[in-house]
Number of protein chains: 4
Amino acid sequence: MNTAVDWRRDLHRHPELGFTEFRTASRVAGALADLGWDVVTGPDAMVAGERLGVPLEAELDAAYERARAEGGDPRFLPAMRGGHTAVVAMLRGSGQGRAVGLRADMDALPIVESSGSGHRPTRDGFASRWSGAMHACGHDGHVGMALELAQRLTADPPPGPVSIFFQPAEEGGRGGRAMAPTGLVDGIDLFVAVHLGLSLPTGALAPSIDGLLANSKLRAVFHGRSAHAALAPQDGRNALLGAASATLALQGLTRVAGHQTRVAVGRISGGTSSNIVPDAAEVLLETRADDGDVNADLEARARAMLAGAAQMHGLTVEVELIGSVTTARADPSATEAVTAAGRAVGLRVVEPAADSAVASDDATALMRRVQASGGAATYVGLGADLAGPHHTPSFDFDEAALASGVDLLERLVRG
Amino acid sequence: MNTAVDWRRDLHRHPELGFTEFRTASRVAGALADLGWDVVTGPDAMVAGERLGVPLEAELDAAYERARAEGGDPRFLPAMRGGHTAVVAMLRGSGQGRAVGLRADMDALPIVESSGSGHRPTRDGFASRWSGAMHACGHDGHVGMALELAQRLTADPPPGPVSIFFQPAEEGGRGGRAMAPTGLVDGIDLFVAVHLGLSLPTGALAPSIDGLLANSKLRAVFHGRSAHAALAPQDGRNALLGAASATLALQGLTRVAGHQTRVAVGRISGGTSSNIVPDAAEVLLETRADDGDVNADLEARARAMLAGAAQMHGLTVEVELIGSVTTARADPSATEAVTAAGRAVGLRVVEPAADSAVASDDATALMRRVQASGGAATYVGLGADLAGPHHTPSFDFDEAALASGVDLLERLVRG
Amino acid sequence: MNTAVDWRRDLHRHPELGFTEFRTASRVAGALADLGWDVVTGPDAMVAGERLGVPLEAELDAAYERARAEGGDPRFLPAMRGGHTAVVAMLRGSGQGRAVGLRADMDALPIVESSGSGHRPTRDGFASRWSGAMHACGHDGHVGMALELAQRLTADPPPGPVSIFFQPAEEGGRGGRAMAPTGLVDGIDLFVAVHLGLSLPTGALAPSIDGLLANSKLRAVFHGRSAHAALAPQDGRNALLGAASATLALQGLTRVAGHQTRVAVGRISGGTSSNIVPDAAEVLLETRADDGDVNADLEARARAMLAGAAQMHGLTVEVELIGSVTTARADPSATEAVTAAGRAVGLRVVEPAADSAVASDDATALMRRVQASGGAATYVGLGADLAGPHHTPSFDFDEAALASGVDLLERLVRG
Amino acid sequence: MNTAVDWRRDLHRHPELGFTEFRTASRVAGALADLGWDVVTGPDAMVAGERLGVPLEAELDAAYERARAEGGDPRFLPAMRGGHTAVVAMLRGSGQGRAVGLRADMDALPIVESSGSGHRPTRDGFASRWSGAMHACGHDGHVGMALELAQRLTADPPPGPVSIFFQPAEEGGRGGRAMAPTGLVDGIDLFVAVHLGLSLPTGALAPSIDGLLANSKLRAVFHGRSAHAALAPQDGRNALLGAASATLALQGLTRVAGHQTRVAVGRISGGTSSNIVPDAAEVLLETRADDGDVNADLEARARAMLAGAAQMHGLTVEVELIGSVTTARADPSATEAVTAAGRAVGLRVVEPAADSAVASDDATALMRRVQASGGAATYVGLGADLAGPHHTPSFDFDEAALASGVDLLERLVRG
């Protein structure tokens with residue numbers, strides 16, 4: 001039997017970006033099928049047209065081939081081809097107990113992992129084998145916990161049904177929103193999404209984190225006109241100027257009194273060499289706010305900035321929404337259930353500080369769907385000491401947190 | 001026997017960027033060695049330490065392997081490994097005639113060639129096979145003319161010695177400056193660098209173009225600090241902000257009354273996704289002026305802008321000179337020699353208009369060295385109708401210009 | 001006897017900017033002296049060297065002459081010459097009751113008041129007579145309430161001593177910090193600063209507002225070099241470019257997760273006509289945060305931006321701190337006292353919403369001094385319906401709030 | 001009799017900005033009327049509706065009153081009220097000689113004159129008495145020469161008629177264009193506009209300067225929305241952000257290969273204090289080029305930048321053309337006439353260097369009208385050593401140039 005740590009390290013070595021979790025998802029599906037769970041995957045587990053920011057076909061194909069070559073489960077891979085990498089696994093319980101749903105996200109980040117000797121995954125030989133991708137947010141641990149839990153539950157079934165939602169593309173807010181409309185969460189009584197870390201130390205448990213930010217992720221491509229930079233600069237329209245003007249303006253989107261807001265430009269790419277006026281430039285950006293309407297206003301103003309920047313420099317701009325997340329609030333009954341389970345397994349229950357580290361998570365799409373169909377939901381922070389911050393090359397977490405995380409989830413499921 | 005057009009089309013299909021002209025240079029060396037010319041190549045033909053903007057080792061190696069697989073001449077390839085792709089070929093003449101030197105540049109540009117049916121290389125099957133590189137400035141034609149000329153001269157030797165300088169990395173101003181200090185041009189009486197196109201129609205000849213601009217090419221890399229864009233934006237220092245501020249400032253480098261000046265930012269690249277504050281961003285830029293001192297002043301001010309942009313956003317910046325070209329002026333005796341040869345072969349001699357298309361060319365480094373050792377030099381425009389402008393995906397030239405170009409050069413060499 | 005409304009309307013007609021409140025302060029001092037209170041004014045009421053952003057001598061003189069011509073009290077004007085416009089008035093109480101201190105700020109804003117017929121001060125004839133200045137933040141009401149209160153207390157003395165601190169230059173955070181070190185607040189048991197409006201409706205009372213932001217106000221002057229914009233642009237160094245680059249960067253000072261922050265550029269001024277490269281440009285800006293350390297960090301980064309912007313464009317920059325305010329928190333005992341008094345006079349006690357309108361107020365300097373010497377302090381919001389937002393040309397408040405405000409203060413003083 | 005130097009110094013003490021030359025123009029008209037010349041002034045000398053950038057009525061009135069108080073000629077002032085400050089003076093000749101026209105511009109610049117002891121006008125007591133205005137381009141000398149010339153011609157009439165066009169508002173290109181359509185230049189055989197300085201030393205004469213640049217002067221006003229910068233920044237739309245983004249973009253208007261171009265932002269003004277989001281900001285800018293079509297393209301792109309900057313920041317922008325000048329070329333016959341006259345009076349005839357100092361002058365509007373009606377015209381540079389560059393606070397010229405300038409003009413008129 002593999003422990004959460006075993007699974008975590010295997011996944012850490014093989015990090016896959018959003019909608020390309022072919023190896024991860026197929027192995028997850030295979031393991032659960034082998035345990036006898038009902039497994040739904042491919043387009044049945046996620047509405048294809050609701051996905052945002054799906055990679056280019058060439059990238060999907062390359063990742064698929066890599067998964068096939070490096071341990072993907074051939075029974076489940078074909079259904080996932082094209083980026084249909086969600087997995088929902090269900091175990092019927094022993095009786096009429098409440099229906100519990102859990103979320104485990106599976107995707108990694110486009111970060112080059114630290115090769116420093118002080119970085120434990122490097123030192124202990126389970127660092128990413130695939131340069132340019134890294135589990136730098138703990139999703140490997142989330143999947144690991146869910147799989148160890150599944151083994152325990154299989155051995156001794158709980159009183160009610162359990163569903164685990166293995167979600168692709170949490171980063172960017174692209175997968176949860178596509179899993180919600182399948183209806184597979186409808187009928188769940190208690191839904192819990194657990195996240196490791198979040199500035200909480202090992203042993204601490206935050207039963208509900210309500211500060212999750214709504215967000216909008218945009219890809220803007222400025223189009224101009226190419227020219228020789230010295231022979232005829234006047235014939236060119238330099239797409240980088242649109243990117244530069246927009247970036248400075250976006251960074252300055254006015255703060256909104258009384259709200260937490262964020263704006264970030266995370267990528268600019270355009271041009272080849274200095275003597276060619278570049279005719280295209282890509283900008284990736286996002287807005288966030290602790291209120292959906294405030295975020296919608298920020299997004300609208302960001303779009304106006306992109307359009308204005310294009311006009312300033314004689315360019316056009318295409319803007320695509322590639323990710324979108326809502327806020328959600330915990331139900332008191334769900335918070336209480338997690339609090340009780342946490343205390344029972346020896347975790348220290350804390351309230352997240354007003355300025356604790358919170359970002360966005362598209363588990364909110366699943367939470368809102370559960371709540372709309374009558375269930376209760378909460379977003380839970382499971383403490384884990386970190387070696388480096390989330391989303392940085394030196395991120396690593398205290399694996400001791402995994403065992404008590406599995407205990408917590410088991411207790412919760414067993415009621 | 002291969003004509004200039006045959007050679008040109010083979011090279012057009014196999015475009016190689018600066019310092020990676022392994023296939024081109026080794027085949028050129030092989031062809032001339034087969035004709036019996038003295039051939040110097042590798043580090044003997046170009047001072048390694050004077051090269052600027054040499055590609056990364058991985059890129060050099062990949063290009064080398066491609067050349068080996070696709071027709072590079074194994075006799076000459078090894079000496080070129082690592083980017084030593086200059087070739088100088090010499091033919092001793094039949095008597096004591098004047099020593100003539102010619103320049104032919106070999107490198108292509110990082111442009112994706114047009115796949116439109118209206119683009120002749122595509123239509124006729126000799127478009128670039130290597131996506132992301134293209135002969136979009138006519139260097140394939142320059143090499144083709146030089147090789148047909150060499151065949152003619154071998155068959156019927158001229159009265160004095162002839163040297164042909166096959167130069168790598170003209171784009172960016174990185175190769176000519178490294179060939180000059182070998183001293184191989186010393187002792188040449190008449191040096192001519194010919195360039196096709198330049199807004200002159202087929203049949204026209206500009207015996208001297210004096211408006212070549214001095215330039216400086218810089219690569220700036222801004223370094224900041226990574227952070228999660230929503231959890232702790234305050235811990236990040238976004239390198240893209242330095243790139244954006246610098247780009248807008250650079251674009252506005254004040255014009256200099258009475259001079260032709262240019263400033264261009266041709267590439268920005270940094271970051272991966274919008275939720276990670278990027279810790280590095282690369283900017284490629286260049287300054288140009290019709291006077292070396294004016295260009296030096298522009299470069300100094302550009303460097304101050306890069307430093308100031310870094311300071312503004314809490315970043316550091318590394319700036320590397322990756323290309324540098326001087327101005328040069330034609331000697332009247334050289335202009336007269338070209339004028340006479342051109343008239344003799346039926347070309348229409350024109351003066352370049354004040355606002356004719358001129359840029360930079362590091363043939364100037366060779367010209368200045370020739371002049372310093374007592375010889376005469378000129379930069380010549382050979383008319384060729386163009387299908388699209390220089391440095392754009394639809395560039396193509398009228399191949400009819402090649403035959404009269406060879407006639408011109410032969411006449412010049414024979415005196 | 002003049003009511004709070006009478007005083008308010010007289011002051012509204014004669015708005016005076018920070019440190020030029022010569023008419024206001026001298027008339028306040030005169031009225032209280034006539035009532036028999038002890039009055040301290042001029043340099044004794046405010047440490048001259050601690051003032052920030054004092055106007056130029058010419059402006060001070062012009063305002064002084066205007067005050068002399070339009071009703072300033074000649075008994076008190078001379079001591080105020082040069083911007084020493086603080087007034088502290090004290091009444092000994094009838095017994096040994098607790099010592100109470102109140103703050104009333106006196107300055108107006110550089111806003112042109114609305115001349116629209118819908119604007120009540122205009123319609124009823126008490127709009128500003130002095131174009132370019134306006135009581136657009138309710139300080140006229142604060143002074144009016146304090147003076148009606150003084151009349152009531154004189155008629156029937158309270159059990160303990162009362163001090164009223166009439167403060168200049170609250171806008172910009174320049175006067176309170178200079179009054180605190182006189183020590184005149186030392187020994188006060190209960191200190192209350194009341195502000196009208198703040199998004200609270202008439203009849204509401206917020207006994208403590210803790211969200212006051214720390215701030216730093218800076219004046220930056222960029223210095224460049226003048227030149228004819230067409231004859232020799234290269235000889236000029238355009239100071240406006242520094243102002244423009246800095247403004248865009250400042251607007252984008254990165255948000256700080258979990259905190260309320262603000263950055264604003266409120267004024268740029270430089271140059272005369274388009275054909276002269278301007279050699280100087282002034283920028284007024286401010287940073288704010290709900291935490292003093294966060295604000296100090298924002299200020300440091302703002303200064304780096306100003307320095308970097310200067311370097312980018314070949315300029316120098318002088319930066320002067322012209323205002324500075326700290327945060328402060330209410331003492332529970334003070335909050336309770338205000339709550340009790342408010343209920344007693346029929347006000348509806350509310351808690352300010354998390355996103356209620358709060359800014360900065362340098363009453364915090366007086367509050368902190370009181371607290372340091374053993375007293376209790378709070379910052380109180382007194383509801384008043386507004387016709388237009390604070391700091392805008394159509395600002396006006398419901399004068400009905402003044403009477404209950406005086407009731408509140410009287411009750412508080414009488415214990 | 002007053003010399004050119006006497007007149008020059010009186011005008012230098014009393015500098016008047018464009019369209020407010022009430023004292024200057026009325027005294028010029030008076031002096032010429034006293035000499036018996038026919039004088040046309042007011043709306044008859046300049047088409048009112050063709051003026052651009054006329055000052056606000058309040059400024060016109062203030063300048064008018066000042067002129068009335070400080071020596072303006074009451075016979076001519078009333079017709080000029082409102083900015084109709086052109087004067088055309090005509091002397092019938094003694095016979096049928098050719099008709100000669102001369103241009104003398106009268107306006108000063110908005111510059112604070114140097115008060116340094118090294119500045120001769122300050123040292124010798126004829127510096128500007130009116131702070132904020134200065135003759136920093138030599139127009140005082142132009143008028144001085146024309147008036148001394150008129151005295152000489154009156155004493156000894158030339159063979160043909162002479163007209164002198166005293167032009168207002170040359171700076172900014174606002175007056176010449178309005179004088180041309182009166183038709184008063186029609187019928188002139190030889191038209192000459194002389195300018196002092198222009199980098200030519202005393203004693204030198206450039207009979208024709210062809211590099212005059214076309215230009216367009218724009219005033220842009222960005223309109224946003226006011227708000228309290230801390231209470232509700234999200235409600236504001238900061239007009240300064242539009243000004244800043246536009247300024248950086250404008251400074252970077254792409255150079256045009258083969259042409260001389262200029263772009264300058266010379267003034268930004270907006271806002272009052274840092275805690276009020278400013279709702280308006282003014283920007284003054286100009287484009288120039290050595291070709292009218294190129295300038296028209298630059299102007300169009302500048303307007304797009306202004307519009308785009310407004311859109312980026314949620315603003316609107318009004319753009320007004322406040323000045324506009326065309327290019328013009330000299331007629332060979334006019335050049336020859338000036339060359340001959342110059343040599344005859346001992347001036348050294350030079351050709352302006354390709355990079356000599358040239359800007360714009362709206363004498364070109366008069367030159368083009370002369371040429372359209374069959375006459376010949378030229379723009380003449382009269383050397384004068386300078387103490388500081390044109391358009392700077394330390395500008396001053398060698399007054400010795402004035403006497404030979406009058407000699408030159410007299411010779412030219414007498415044929």
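This one's a predicted model, so the numbers in the text were calculated from it and none came from an experiment. (Residues numbered from 1 in each chain as written. Chains lettered and ligands numbered in written order. Predicted model: local features only at pLDDT ≥ 70, side-chain atom pairs only at ≥ 80, totals over all residues. Heavy atoms only, no water.)

Before going further, it helps to examine the overall build of chain A. Looking only at helices and strands, chain A has twelve helices and 16 strands in total. For 415 residues, the compact-globule formula gives about 22 Å, and the C-alpha radius of gyration of chain A, at 22 Å, lands near that figure. Principal axes of the C-alpha set define a box for chain A whose edges measure 75 × 50 × 45 Å. The 415 residues of chain A split such that 62% are buried. (Helix = DSSP H or I, 4+ residues; strand = E, 2+ residues; numbered from the N terminus. Rg over C-alpha atoms; globule rule 2.2 N^0.38 Å. Buried < 20%, exposed > 50% of the residue type's maximum accessible area, 1.4 Å probe, protein only.)

Residues with a pLDDT of 70 or more make up 99% of chain A, whose mean pLDDT is 94. We note a pTM of 0.86 for the whole complex and an ipTM of 0.82 for its interfaces. (pLDDT = per-residue confidence, 0-100.)

With that out of the way, let us pick up the pattern of salt bridges. Overall, the coordinates contain 132 salt bridges over all chains when judged by the stated rule. Note that D156 of chain D is salt-bridged to R414 of chain D, the shortest N-O span being 3.8 Å. Here R414 of chain D lies in helix α12 (residues 400-414) and D156 of chain D lies in the loop between α6 (139-155) and β4 (162-167), a separation of 258 residues in the sequence. Classification of D156 of chain D as partly exposed rests on a relative accessible area of 43%. One salt-bridge network, held together by shared partners, links R8, R9, R120, D140, D396 and E399 of chain A. (Salt bridge = Lys/Arg side-chain N within 4 Å of Asp/Glu carboxyl O.)

Moving on, we come to the packing of aromatic side chains. Applying the stated criterion across every chain, the model contains twelve aromatic pairs over all chains. Relative to Y64 of chain A, the ring of F22 of chain A has its centre 5.3 Å away and its plane inclined at 80°; by these criteria the two rings are edge-to-face. With a gap of 42 residues between them, F22 of chain A in helix α2 (residues 22-35) and Y64 of chain A in helix α3 (residues 57-69) connect regions that are remote in the sequence. Using a relative accessible area of 0% as the deciding quantity, one classes F22 of chain A as buried. When the ring of F395 of chain D is compared with that of F397 of chain D, the centres are 6.4 Å apart and the planes differ by 55°; the resulting orientation is tilted. Here F397 of chain D falls in the buried class, since its relative accessible area comes to 2%. Directly above the aromatic system of F397 of chain A lies the positively charged group of R8 of chain A, at a separation of 4.2 Å from the ring centroid. Over the ring of W130 of chain C we find R66 of chain C; its NZ or CZ atom is 3.6 Å from the centre of that ring. (Phe/Tyr/Trp six-rings, centres within 6.5 Å; stacked < 30°, edge-to-face > 60°. Lys NZ or Arg CZ within 6 Å of the ring centre and 35° of its normal.)

With that settled, the discussion passes to unusual backbone geometry. Located in the positive-phi region is F19 of chain A, a residue other than glycine, with phi close to 70°. Within the secondary structure layout, F19 of chain A lies in the loop between α1 (4-13) and α2. Of the residues examined, F19 of chain A reaches a relative accessible area of 0% and is grouped as buried. In this structure, A169 of chain B is a non-glycine residue whose phi angle is positive, near 50°. By the element assignment, A169 of chain B lies in the loop between β4 (162-167) and α7 (176-179). Owing to a relative accessible area of 0%, A169 of chain B belongs among the buried residues under this scheme.

Bringing the relation of the copies chain C and chain B into the picture now. Rotating chain C by 179° about the axis while translating it 0.0 Å along that axis superimposes it on chain B, leaving an RMSD of 0.1 Å. Each copy turns onto its partner about a two-fold axis. Proximity to the rotation axis, assessed at the C-alpha, singles out G308 of chain C in chain C; its C-alpha lies 2.1 Å from the axis. Both copies contact each other with a shared surface, as 100% of the interface residues of chain C are interface residues in chain B too. (Least-squares fit on C-alpha atoms with pLDDT ≥ 70 in both. Contact = heavy atoms within 4.5 Å.)

So, about the packing of helix α6 (residues 139-155) of chain B against helix α12 (residues 400-414) of chain B. All names here are of chain B. Where α6 contacts α12, the two axes come as close as 9 Å, and the packing angle between them is 50°. Regarding the angle of α6 to α12, the classification is oblique. Every pair of crossing elements has a handedness; the one defined by α6 and α12 is right-handed. Residues G141, M145, E148, L149, R152 and L153 of α6 form the contact with α12, whose own contacting residues are L402, A403, G405, V406, D407, L409, E410, V413 and R414. For the contact of α6 with α12, the per-class residue count stands at eight nonpolar, two polar and five charged. (Axes fitted to C-alpha atoms, helices over the stretch in contact; angles between N-to-C directions. Parallel < 35°, antiparallel > 145°, perpendicular 65-115°, else oblique. Left-handed = near helix turned anticlockwise from the far one by under 90°. Nonpolar A, V, L, I, M, F, W, Y, C, P; charged D, E, K, R; others polar.)

A word on the interface of chain C and chain B. Where the parts come together, the accessible area they lose is often given as the size of the interface. On the side of chain B, 21 residues touch chain C, which itself brings 21 residues to the contact. Here chain C meets chain B over a buried area of about 1,600 Å², counting both sides, of which 61% is carbon and sulfur. Taken as a group, Q234, Q311 and M312 of chain C account for 35% of the area that chain C buries against chain B, more than any other trio of residues on that side. At the junction of chain C with chain B, the criterion picks out zero salt bridges. At the surface where chain C touches chain B, the tally comes to two residue pairs in polar contact (both at pLDDT 80 or more). The set of elements that each furnish at least two residues to the side of chain C that touches chain B consists of α8 (239-251) and α9 (292-312) of chain C. Element by element, the count of residues in the side of chain C that touches chain B is highest for α9 of chain C, at eight residues. Taken together, the residues that form the side of chain C that touches chain B break down as twelve nonpolar, six polar and three charged. (Buried area = accessible area lost by both parts, 1.4 Å probe. Polar contact = N/O pair within 3.5 Å; in protein donor to acceptor, adjacent residues only side chain to side chain.)

What follows concerns the domain arrangement of chain A. All names here are of chain A. For chain A, the assigned domains read domain 1 (4-212 + 328-414) and domain 2 (214-324). Using C-alpha coordinates to define each centre, domain 1 is positioned 32 Å away from domain 2. Listed by partner, the interface residues are nine residues for domain 1 and eight residues for domain 2. Surface buried jointly by domain 1 and domain 2 totals about 680 Å² across both partners, of which 44% is contributed by carbon and sulfur atoms. Broken down residue by residue, the surface that domain 1 buries against domain 2 is led by L52, G172 and S360, which jointly contribute 52%. The interface formed by domain 1 and domain 2 contains zero salt bridges. Taken together, the connections running from domain 1 to domain 2 amount to three residue pairs in polar contact (both at pLDDT 80 or more). For the side of domain 1 that touches domain 2, the class distribution of residues is three nonpolar, four polar and two charged. (Domains from an automatic or database assignment.)

A separate point is helix α3 (residues 57-69) of chain B. Residues and elements named next belong to chain B. The end-to-end C-alpha separation of α3 is 18 Å, in line with the 18 Å expected for 13 residues at 1.5 Å each. Turning to α3, its buried residues number three or more, namely L60, A63, Y64 and A67. Along the axis of α3, the buried positions cluster into a sector of 105°, meaning they face one direction only. Those residues of α3 that are exposed and aimed more than 90 degrees away from the buried face are A58 and A69. For α3, the secondary structure elements touched by its buried residues are α2 (22-35) and α4 (77-80). G71, located one to two residues past α3, shows a positive phi value of around 105°. (Expected span 1.5 Å × (residues − 1). Arc of directions from axis to C-beta.)

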